[in-house]
Amino acid sequence: MPLQDDQKLRYARQLILKEIGGKGQEKLLSAKVLVIGAGGLGSAAISYLAAAGIGTIGIADCDRVELSNLQRQILHTTARVGEAKADSARKFVGELNPDVKVELHPGRVNAANIAALIEPYDFVLDCVDRFGTKFLINDACVLGKKPYSHAGVVRFSGQALTYVPGQGPCLRCLIGSVPHGATCASVGIVGAAAAVLGGVQALETIKYLLGAGELLTGRVFYFDGLSMTARTAEFCGRDPACAVCSETPSIVSLCENAAEYEDCN
Amino acid sequence: MVKINGEEYDLAGETLSDYLASANYSMAFIAVEINGQIVPKSQIGSVVLRDGDTVEIVSFVGGG
């Protein structure tokens, strides 16, 4: 659909980019992106995806807004403490950009429902705060051939990578199986560090949708806000023994592997 | 000499797993990069460190 006059104004600063332009903006407006987790990473990612005019944003989160979330989860407000995070996120997006259609998924994401949840979307963002759910998203995206952005963040630092089916390694190639520990609740986090990694995820999403630039596929991005260093490490390729993305995977059913995703964090 | 996270160690010929165990790394959380390339998780056990290798060990974090 051609851009309306107010859209030409709203998106003027990205319409002038050669990587976006009118055609790219129409791609963004017709894209469907699912963000799982409307916390620290999700707040940054959802904000910038909505502002950029991603046409449909699915938001999956089963938690309620707590006062202790607000130092980093900028989608939510003091007045909305106690509300479902998904509802609060929809209010934020509605105020920011009426071009965006928000689809809410307020239930808990699990091995039984995730395949159907991600299926309608072009791209998925892992913005959750537990390794178990991160592996669930990874495995669901590998098995469902769905591109997605992974990120994790605690304290002042974090990492990000982008999985594209058939092109690169997945999270399991890097860390094998679900480790336990190091979540925001157990070790703390600075909100601005989550913003860096969530911003990287939004940028990877936009690049994927446009087909622009080089994704973090086959690479891992590390950011350390204390030393203020960032770097990417190359990956030699898929782990030939990866349990989910290798030629002979041992994980072929999410439900059969459900116990691994139920970590204690 | 082998450079690990910026410091030099006399570990040429030793296995990577022996070093990781001696330095008390928790294998579950880490990715290991040798000379700019990440070693696939299942292959960490078979890596022998060579003179001149540059090793970076990074921890993965699960918060969000």
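Conventions and cut-offs
Residues numbered from 1 in each chain as written. Chains lettered and ligands numbered in written order. Predicted model: local features only at pLDDT ≥ 70, side-chain atom pairs only at ≥ 80, totals over all residues. Helix = DSSP H or I, 4+ residues; strand = E, 2+ residues; numbered from the N terminus. Rg over C-alpha atoms; globule rule 2.2 N^0.38 Å. Buried ≥ 20, exposed ≤ 12 C-beta atoms within 10 Å, placed from the backbone. Pairing = 2+ DSSP bridges. Right-handed = clockwise from strand over helix to strand, strands pointing away. pLDDT = per-residue confidence, 0-100. Contact = placed C-beta atoms within 7 Å. Nonpolar A, V, L, I, M, F, W, Y, C, P; charged D, E, K, R; others polar. Expected span 1.5 Å × (residues − 1).

Caption draft 1: Layout of the overall build of chain B. Across its full length, chain B holds one helix and five strands. Radius of gyration (C-alpha) of chain B: 11 Å, near the 11 Å computed for a compact globule of 64 residues. Taken over the C-alpha atoms alone, chain B extends approximately 40 × 20 × 20 Å along its principal axes. Of all 64 residues assigned to chain B, the portion counted as buried reaches 33%.

Caption draft 2: Spatial organisation of the pairing of strand β2 (residues 56-60) of chain A. All names here are of chain A. Most of β2 is tucked away, with four of its five residues classed as buried. The pairing of strand β1 (residues 32-36) with β2 spans five bridges and is parallel. The residue bridging I36 from the neighbouring strand is A60, located in β2. Taken together, β1, helix α4 (residues 40-52) and β2 form a β-α-β motif whose crossover is right-handed. Here β2 runs beside strand β3 (residues 101-105); their pairing, made up of five bridges, is parallel. Residue pairing across strands places I59 opposite L104, the latter belonging to β3. For the crossover from β2 across helix α5 (residues 85-96) to β3, the handedness is right-handed.

Caption draft 3: Looking closely at unusual backbone geometry. Positive phi is not limited to glycine here, since M228(A) has a value of about 50°. Summarising the element assignment, M228(A) is placed in the loop between β7 (219-224) and β8 (229-235). Despite not being glycine, N35(B) shows a phi value in the positive range, around 50°. With respect to the helices and strands, the residue N35(B) is situated in the loop between β3 (30-34) and β4 (37-38).

Caption draft 4: Here's a closer look at the confidence of the model for chain B. Residues at a pLDDT of 70 or more form 100% of chain B, whose mean pLDDT is 92. When mean pLDDT is taken per element in chain B, strand β1 (residues 2-4) of chain B scores highest with 96 and β4(B) scores lowest with 88.

Caption draft 5: Main features of the interface of chain B and chain A. Opposite the 17 residues of chain B that make contact, chain A presents 34 residues. Among the elements of the structure, β3, β4 and β5 (54-59) of chain B are those that each provide at least two residues to the side of chain B that touches chain A. Its residues placed into classes, the side of chain B that touches chain A shows eight nonpolar, six polar and three charged. As judged from the two bridges shared by β8(A) and β4(B), these two strands associate in the parallel manner. For E234(A), the partnering residue across the bridge sits in β4(B) and is Q37(B).

Caption draft 6: Here's a closer look at helix α10 (residues 191-210) of chain A. Residues and elements named next belong to chain A. Its 20 residues give α10 an end-to-end C-alpha distance of 28 Å, which sits within 8% of 28 Å, the value for a rise of 1.5 Å per residue. Of all 20 residues in α10, 14 are buried; the element is thus mostly enclosed. G211 sits one or two positions beyond α10 and adopts a positive phi of about 70°.

Caption draft 7: Just α5(A), in detail. All names here are of chain A. Here α5 spans 16 Å end to end across 12 residues, near enough to the 16 Å set by a 1.5 Å rise per residue. Those residues of α5 not exposed but buried are K85, A86, S88, A89, R90, F92 and V93. On its buried face, α5 sits against α4, β2 and β3.

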